[in-house]
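Tertiary structure, described
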Amino acid sequence: MWHRVGHVVVPHSHETVDKVDAAMETSREGMRTLWLSLGVLGLTCAVQAVIVAVSGSVALLGDTLHNGADALTAVPLGIAFVLGRRAANRRYTYGYGRAEDLAGIAIVLTIAVSSFLAAYEAVDRLLHPREVTHVGVVALAAVAGFAGNEWVARLRIRTGRRIGSAALVADGLHARTDGFTSLAVLLGAGGAALGWRLADPLIGLLITAALLMVLRDAAREVYRRLMDSVDPALLDTAERTLRAVDGVRGIGQVRMRWIGHSLRAEAEIVVDSTLTVVQAHALAVAAEHALIHAVPRLTAATVHTDHTAAAGTDPHAALAHHSAA
């Protein structure tokens, strides 16, 4: 229980790659589950929005915005799967995977606007207390929010386990913990029913804080993507893998970058100077093959072969004046 409650105030990742894996990407059932989940959460938000307009509950408003922001995480997935299937061409030589980053920027802006609106309404209600009307309906809307998240959680977990998608199971567990945010609205409704006017805006501020943490998390992930950030552990895995390839005498620089929800890499390896061009090429192919198997989500790697050189010589001397100072 404490672990679940902790997830309410410690946001889970909104990075697209954390929500995609090979099992889900290649499964129609997995994609159908994602879109069905989006529809259910969207309907839940619509029902809650109507009750917000009738009751004036800022706590319920915050929960509605929170559920809506979380539902939006399906949008970059949809764009990635639609555009990502388009073939690379002479203008977009790496394909259309970067569309995910553009969608991520739009989502960050949407969450920012939602957070500002929720905060403004909660603070305004603190400064100008007003009674919350239709308290019973607000309570029912909170229960509906919890039920919507729980239904989505069960669907994602069940489907994820059936198709072997760890990402979909994890997203289902996150949806389950988000349901506790909806239940928090019940506290505000209960306080309002007892005549405590500050209960509703205080709960609204609590949910706003959760929204701001989601915003921070999402903005950090989008920034890292735009700056071509990767987990250093992936580089460690790649370097260990290259060193273990038979015939590799050393490694140089290894680079990786995300393109959509797939990784591409560039690596330098050192081989014996006595190898023929054909043998060196075969070793580069073996190194790329080993990387693709060892590094999750890696789809291709460009492997540059350097040969062992005598002490004091530099095979790249002709490029030295092009290097950054």
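These numbers were taken from a predicted model, which means no experiment stands behind them.

1. Structural notes on the overall build of the protein
Helices and strands together make up the secondary structure of the protein, namely 11 helices and three strands. The secondary structure elements of the protein, listed N-terminal to C-terminal, are α-α-α-α-α-α-α-α-α-α-β-β-α-β. Look at the contacts in the protein between residues 6 or more apart in sequence, and 73% of them connect residues 24 or more apart. Within the structure as shown, the protein displays about 16900 Å² of accessible surface, and the carbon and sulfur contribution to it stands at 63%.

2. Thoughts on the confidence of the model for the protein
Residues shown with low pLDDT carry predicted positions that ought not to be read at fine detail. For the protein, per-residue confidence averages 80 on the pLDDT scale, and residues scoring 70 or more make up 86% of the total. Segment residues 1-16: pLDDT under 50, and 36 contacts once partners within four positions in sequence are set aside and those in other chains are kept.

3. Looking at the pattern of salt bridges
In this structure the tally under the stated criterion is six salt bridges. Note that R154 is salt-bridged to E150, the shortest N-O span being 3.1 Å. Here E150 and R154 lie together in helix α7 (residues 135-163), a separation of four residues that amounts to about one turn. The exposure class assigned to E150 is buried, which follows from its relative accessible area of 15%. Its salt-bridge partner being E266, residue R255 comes within 3.9 Å of it at the nearest N-O pair. Of this pair, R255 sits in strand β1 (residues 250-259) while E266 is found in strand β2 (residues 262-271), placing the two residues 11 residues apart along the sequence. Connected via shared salt-bridge partners are R98, D228 and R257.

4. Some words on the environment of D236
Residue position: D236 is located in helix α10 (residues 232-244). Judged by relative accessible area, which is 39%, D236 ranks as partly exposed. For the pair formed by D236 and V295, sequence separation is 59 residues and the distance between their alpha carbons is 9.8 Å.

What counts, and at which threshold
Residues numbered from 1 in each chain as written. Predicted model: local features only at pLDDT ≥ 70, side-chain atom pairs only at ≥ 80, totals over all residues. Heavy atoms only, no water. Helix = DSSP H or I, 4+ residues; strand = E, 2+ residues; numbered from the N terminus. Contact = heavy atoms within 4.5 Å. Areas by Shrake-Rupley, 256 points an atom, 1.4 Å probe, with all protein chains shown as cover. pLDDT = per-residue confidence, 0-100. Salt bridge = Lys/Arg side-chain N within 4 Å of Asp/Glu carboxyl O. Buried < 20%, exposed > 50% of the residue type's maximum accessible area, 1.4 Å probe, protein only.

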